[in-house]
Amino acid sequence: MEGLRRRVSNVWAVAYREASVMRHDKTFLGAVLVQPVMMLLLYGLAISNEPANVRWVVLDREPSALSRRLVAEVEATGYFEPPQWVESYRAGEQRLAHGDATLLLVIPKDFRRDALAGRGEVQLLLDGADPLISARVGSYVAQVALHFDAGGRRLEVRSAQGPSMGWSAPAAVSLRPRFWFNPTLRDRDFFLAALAGMLLTNLCLSASSLGLVGERESGTYEQTLSLPTSPIEIVLGKLLPYVAVSYGVLAIAILGAGLGFGIWPRGSWLALGVLTLPFVLASLAIGVLVSSVVRTTAQAVFLTVFFILPSMVLSGVMIPYQLMPNGIRQIGAVVPLRWYQIGLRRIVLRGGGFAEVWLPILALLAIFAALLALIRWRLKPRLG
Amino acid sequence: MRWRRLRTLLVREVRATLRDPFTMASLIAVPVMALLAFSYVLATDVEHLALGVYDASASPASRRLVAELGASDAFDPRPFATRGALEEALVAGDVGVGLVIPPDFERDLLDRAPGAPPPELQLLLDGAETVVAGNAETFLRAIVARTGGDLVSGQAWGPSGHAAPTGLRTVTRVLFNPRLEGTPFMVAGTFGFVLSFLTTLITAVSIVSERLTGTFDQLQLTPATSAEILLGKLLPLGAVFAFDVIVMMAVAGLLFGVWPKGNVLFFLGVSSYYVVTSLSLGLIFSATSTTAAEAVQKTVLFSVPLVQLSGFAFPLRSMPAVVQWFAEALPATHYIRICRSIYMRGEGPLSMGGDLLLILVFGVALVWLAARTLERRA
């Protein structure tokens, strides 16, 4: 009992010292405050996967009221700028080749006659250099064409090539899609729901690794080692203030998304708080591990980037992990951010509670435990 | 500027860089890792996505439809006994897509009165995952339309009996990347990411640590001019990153079969010039910071919007007009555009004159600014 109390008081003393240092670190405080605002603006206002203002070119070989109506219907989807018209196929292809347009719609000769007879056909040329946008707008145009009512006799539609373009007979079965949780498929909701995950990864990893290495460089780490505290107590004490700062960042992220964009967590706030603790601890632990391997700040920076980069990419926080190839998807499961973003989106967007996020919490605890074991093994008291 | 002094400085930098094997290793390893991480992850299609199916019809026709969905490679159907169970799985995030087949599906499909609406399948999608939901809907539509047609046309009375389909046939051709794969797109963009972010970061850190140890002040006491010190710093690091470009090209080519379609030498030339531009930016960050942590924070704060707004992962044209203007003012935007033009469309220098000119101007301006900053600090 006495031993435990001493341990707690040791940890507390180190935490107090660390917090007073942090309070005077203007760079750190600036980063803590500026980053959330910047990311909120970026993901709330600037970034979206949804095509918009797409530039396209139309080659109409036989202008008619009908072909103009088709062009108007494509434009009415709202994804496109007003079309540019070209006189020849070559000219249109040239625009695509220079990246001046994403899509070339070719309306053939005799379009009106064929369409009225139910044999209408249009050609679509897409710029494969921009696959994400091309795949989407290609299917939008095909969809418009599929439902285009020429007013004459109608005929069976045969499927076009390529799986994502494969629009064919709509007649036999109809499909009524309903998008839950985010009916208009706004990317803003997708990004802002997991904003805290991105911010805390940046903060926890870089703050703990750079902080510890900085002390080693300036020699204050050795002074702390000479105190009657064990290394693990020092590490815990150093991390405590960061946990507090992390909850502050979480609050900023939630308030910013809520007040700025109306995206409040729909599920349990308590579950959100509980979920965050093992994630913050695991991220800080990675930072500690990094600092225990390197000798200089430069090395710490490289190694931190080495961890942050795959975290952001493979966790699915920005790019959906469900669509990644097998193997890559599984590698991402060892990254704490994977589980945190799953939990965050379940709570914030789907209105989940503890029943929905127990698995992410357990996974995060397991990752933290594994990291702690690694740190204990690495962190023998050593000088220099 | 004297060649002899510059050479001495170059030798010093090269020795200092080579002496630290850790830094050398990360200079090669981080770009390659970025390439590997990025090139796999962008998917325009759907593969083996869990699809929850509640089949209230339990008929040969519905079973055939589910089997077709499973055979497509796009979806892995998982049966649910009740609609409630399927909805719960969707809320919990266990499945991203749910398909509800109504009880009268087979009857409506096969014995439909002329003029009656076709049987309706209900598709429930998890809109929280915007990209997954959008892609999944497109794919399911295609498969259901095809299978539905097959189911009906397999019947004796043929397709003439049911409601006439409408619409136009679309013949699609994709230039440059016929299967719309994400890998070449991301590979070309990763050059931009590595040469914009990592270069800046590494210079920022390396010079600040020199300032901390005091060797930078010694350097400024020598007769070397600030332009010479600048070049002495930039050229060795620039050479390392030019080497990185070659390594990344080889990895992308050998591993993914993605080689540049345009001129390789032209690509190397533009990339080397761009490296000097970003290195100068890192130099400015480090010259205006007092600690390494500050330099790192500055770089990160600057690089996050730079990477996100440069069109590396998110489409530039989808951004609001003001943001687009801002993005055009970033050198990375133009470099990434050039990378994709050369890598995917095989364009030559003439057709991208505007971007090249801007990169050139940015480069001169940043190098000049870096030299000025060093002078002022001296």
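Residues numbered from 1 in each chain as written. Chains lettered and ligands numbered in written order. Predicted model: local features only at pLDDT ≥ 70, side-chain atom pairs only at ≥ 80, totals over all residues.

Remarks on the overall build of chain A
Okay, step 1: Along its length, chain A carries 15 helices and five strands.
Okay, step 2: Computed over the C-alpha atoms, the radius of gyration of chain A is 28 Å, more than 25% above the 21 Å expected from 2.2 N^0.38 for a compact globule of 384 residues.
Okay, step 3: The principal-axis extent of the C-alpha atoms belonging to chain A is close to 95 × 45 × 40 Å. (Helix = DSSP H or I, 4+ residues; strand = E, 2+ residues; numbered from the N terminus. Rg over C-alpha atoms; globule rule 2.2 N^0.38 Å.)

Some remarks on the overall build of chain B
Okay, step 1: Helices and strands together make up the secondary structure of chain B, namely 14 helices and five strands.
Okay, step 2: Taking 2.2 N^0.38 as the reference for a compact globule, 378 residues should give roughly 21 Å; the C-alpha atoms of chain B span a radius of gyration of 29 Å, well beyond that estimate.
Okay, step 3: Structurally, chain B occupies a C-alpha span of about 95 × 45 × 40 Å along its principal axes.
Okay, step 4: Here chain B, with 378 residues, has 53% of them falling under the buried criterion.
Okay, step 5: At a minimum sequence separation of 6, the contacts of chain B that also span at least 24 residues come to 79%. (Buried ≥ 20, exposed ≤ 12 C-beta atoms within 10 Å, placed from the backbone. Contact = placed C-beta atoms within 7 Å.)

Things to note about the domain arrangement of chain A
Okay, step 1: Taken domain by domain, chain A consists of domain 1 (12-47 + 186-378) and domain 2 (49-180).
Okay, step 2: Taking only C-alpha atoms, the centre of domain 1 of chain A and the centre of domain 2 of chain A are 45 Å apart. (Domains from an automatic or database assignment.)

A word on unusual backbone geometry
Okay, step 1: Positive phi, close to 65 degrees, is recorded for aspartate 110 of chain A, a residue that is not glycine.
Okay, step 2: Mapped onto the elements, aspartate 110 of chain A comes out in the loop between strand S3 (103-107) and helix H5 (111-116).
Okay, step 3: One non-glycine residue, alanine 58 of chain B, lies in positive phi territory at about 45 degrees.

Some points on the interface of chain B and chain A
Okay, step 1: Each partner contributes residues to the interface: chain B has 103 residues there, and chain A has 108 residues.
Okay, step 2: At the level of secondary structure, the elements contributing two or more residues to the side of chain B that touches chain A comprise helix H2 (21-41), helix H4 (83-92), strand S4 (120-126), helix H6 (130-153), strand S5 (169-175), helix H7 (183-213), helix H11 (292-309) and helix H13 (331-345) of chain B.
Okay, step 3: Bridge analysis of strand S5 (residues 174-180) of chain A against S4 of chain B gives seven bridges, and the strand direction is parallel. Across the sheet, the residue bridging to leucine 175 of chain A is leucine 121 of chain B, located in S4 of chain B. (Pairing = 2+ DSSP bridges.)

Points about the nonpolar core
Okay, step 1: If you look at the biggest cluster of nonpolar residues, it comprises 232 residues, and the most contacted ones within it are Leu103, Leu105 and Leu195 of chain A together with Val205 and Val296 of chain B.
Okay, step 2: If one sorts the elements of this core by residue count, H7 of chain B sits on top with 16 residues.
Okay, step 3: Dropping the residues within four chain positions of it, valine 296 of chain B is found in contact with Ser206, Leu210 and Val301 of chain A together with Leu201, Ala204 and Val205 of chain B. (Core = buried A, V, L, I, M, F, W, Y, C linked by C-beta atoms within 7 Å.)

Let's talk about the packing of helix H1 (residues 3-19) of chain B against helix H9 (residues 226-256) of chain B
Residue and element names in this part refer to chain B.
Okay, step 1: Put simply, H1 and H9 touch, their axes get as near as 9 Å, and they point 40 degrees apart. When the axis of H1 is compared with that of H9, the two are oblique. In this structure, H1 meets H9 at a crossing whose hand is right-handed. Where H1 approaches H9, its residues Arg5, Leu6, Leu9, Leu10, Glu13, Val14 and Thr17 are matched on the opposing element by Glu228, Ile229, Leu231, Gly232, Lys233, Leu235 and Pro236. (Axes fitted to C-alpha atoms, helices over the stretch in contact; angles between N-to-C directions. Parallel < 35°, antiparallel > 145°, perpendicular 65-115°, else oblique. Left-handed = near helix turned anticlockwise from the far one by under 90°.)

Observations concerning helix H14 (residues 336-348) of chain A
Okay, step 1: The end-to-end C-alpha distance of H14 of chain A, which contains 13 residues, comes to 18 Å, matching closely the 18 Å that a straight helix rising 1.5 Å per residue would cover.
Okay, step 2: The buried fraction of H14 of chain A amounts to 13 of the 13 residues, a majority that puts the element mostly inside the structure. (Expected span 1.5 Å × (residues − 1).)

Here we look at the pairing of S3 of chain A
Residues and elements named next belong to chain A.
Okay, step 1: Of all five residues making up S3, five are buried, and the element is well covered by its neighbours.
Okay, step 2: Neither face of S3 is left uncovered, since the one carrying Leu103, Leu105 and Ile107 and the one carrying Leu104 and Val106 both have all their residues buried.
Okay, step 3: Taken together, the four bridges between S3 and strand S4 (residues 121-127) define a ladder with antiparallel strand orientation. Bridge pairing in S4 links leucine 105 to leucine 124.

Overview of the environment of leucine 283 of chain B
Residues and elements named next belong to chain B.
Okay, step 1: Note that leucine 283 resides in helix H10 (residues 264-287).
Okay, step 2: Separated by 70 residues in the primary sequence, leucine 283 and glycine 353 have C-alpha atoms spaced 28 Å apart.
Okay, step 3: Once residues lying within four places of it in the same chain are set aside, the contact partners of leucine 283 are Thr203, Ile207, Leu230, Lys233 and Ala370.

Description of the sheet that holds strand S1 (residues 49-55) of chain B
Okay, step 1: Taken together, the five strands give an open sheet; going across it, the order is S5(A)-S4(B)-S3(B)-S1(B)-S2(B), and neighbouring strands pair in mixed fashion. Because the sheet does not close on itself, it has two edges, and the strands there are S5 of chain A together with strand S2 (75-80) of chain B. The mean inter-strand angle of the sheet, taken between neighbouring strand axes irrespective of direction, is 25 degrees.
Okay, step 2: Sitting on the sheet, helix H3 (residues 60-71) of chain B touches S1, S2 and strand S3 (97-101) of chain B, and the angle it makes with S2 of chain B is about 140 degrees.

Regarding the confidence of the model for chain A
Okay, step 1: Mean pLDDT over chain A stands at 83; residues scoring 70 or higher make up 92%.
Okay, step 2: Note on residues 153-171 of chain A: pLDDT under 50 across the span, and 67 contacts to partners over four residues away in sequence or across chains. (pLDDT = per-residue confidence, 0-100.)

Some words on the domain arrangement of chain B
Okay, step 1: By the assigned domains, chain B splits into domain 1 (3-42 + 182-377) and domain 2 (49-161).
Okay, step 2: Between the C-alpha centres of domain 1 of chain B and domain 2 of chain B there is a distance of 50 Å.

A look at the packing of H2 of chain B against H7 of chain B
Helix packing for two helices is described by the angle between their axes and how far apart those axes are.
All names here are of chain B.
Okay, step 1: Following both chains from N to C, one finds H2 and H7 inclined at 145 degrees, their axes separated by 9 Å at the closest point. For the crossing formed where H2 meets H7, the hand is right-handed. Every residue of H7 that contacts H2 at Val30, Pro31, Ala34, Leu35, Phe38 and Ser39 is listed here: Thr183, Met186, Val187, Thr190, Phe193, Val194 and Leu198.

Brief notes about the sheet that holds S3 of chain A
Okay, step 1: Pairing is mixed across the open sheet formed by five strands, whose spatial order is S2(A)-S1(A)-S3(A)-S4(A)-S5(B). Looking at strand neighbours, the two that pair on one side only are strand S2 (84-86) of chain A together with S5 of chain B, the edges of this open sheet. The mean angle between the axes of side-by-side strands here comes to 25 degrees, regardless of whether they run parallel or antiparallel.
Okay, step 2: Alignment of strand S1 (residues 56-60) of chain A against S3 of chain A, held across five bridges, turns out to be parallel. The residue of S3 of chain A that forms the bridge with leucine 59 of chain A is valine 106 of chain A.

Examining the pairing of S4 of chain A
Okay, step 1: Taken across its seven residues, S4 of chain A has five buried, putting it largely inside the fold.
Okay, step 2: Strand direction decides the pairing type here: S4 of chain A and S5 of chain B, joined by seven bridges, are parallel. Considered in S5 of chain B, the bridge of leucine 126 of chain A is made with valine 174 of chain B.

Describing the environment of serine 26 of chain B
Okay, step 1: Counting through the fold element by element, serine 26 of chain B comes out in helix H2.
Okay, step 2: Looking at serine 26 of chain B, the number of C-beta atoms within 10 Å reads 21, which means it is buried.
Okay, step 3: In the structure, serine 26 of chain B is positioned 319 residues away from arginine 345 of chain B in sequence and 31 Å away in space, judged by C-alpha atoms.
Okay, step 4: If sequence neighbours within four positions are ignored, serine 26 of chain B has contacts with Phe302 and Phe306 of chain A.

Quick look at the confidence of the model for chain B
Residue and element names in this part refer to chain B.
Okay, step 1: Scored by pLDDT, chain B comes out at a mean of 82, with 94% of its residues at no less than 70.
Okay, step 2: Long-range and interchain partners of residues 155-166, a stretch whose pLDDT sits below 50, account for 23 contacts in this model, where long-range means more than four residues apart.
Okay, step 3: Interface confidence for the predicted complex, given as ipTM, is 0.80, next to a pTM of 0.82.

Brief notes about the environment of leucine 374 of chain A
Okay, step 1: Residue placement: leucine 374 of chain A occurs in helix H15 (residues 354-378).
Okay, step 2: Taking C-alpha positions, leucine 374 of chain A is 26 Å from valine 317 of chain A, a pair spaced 57 residues apart along the chain.

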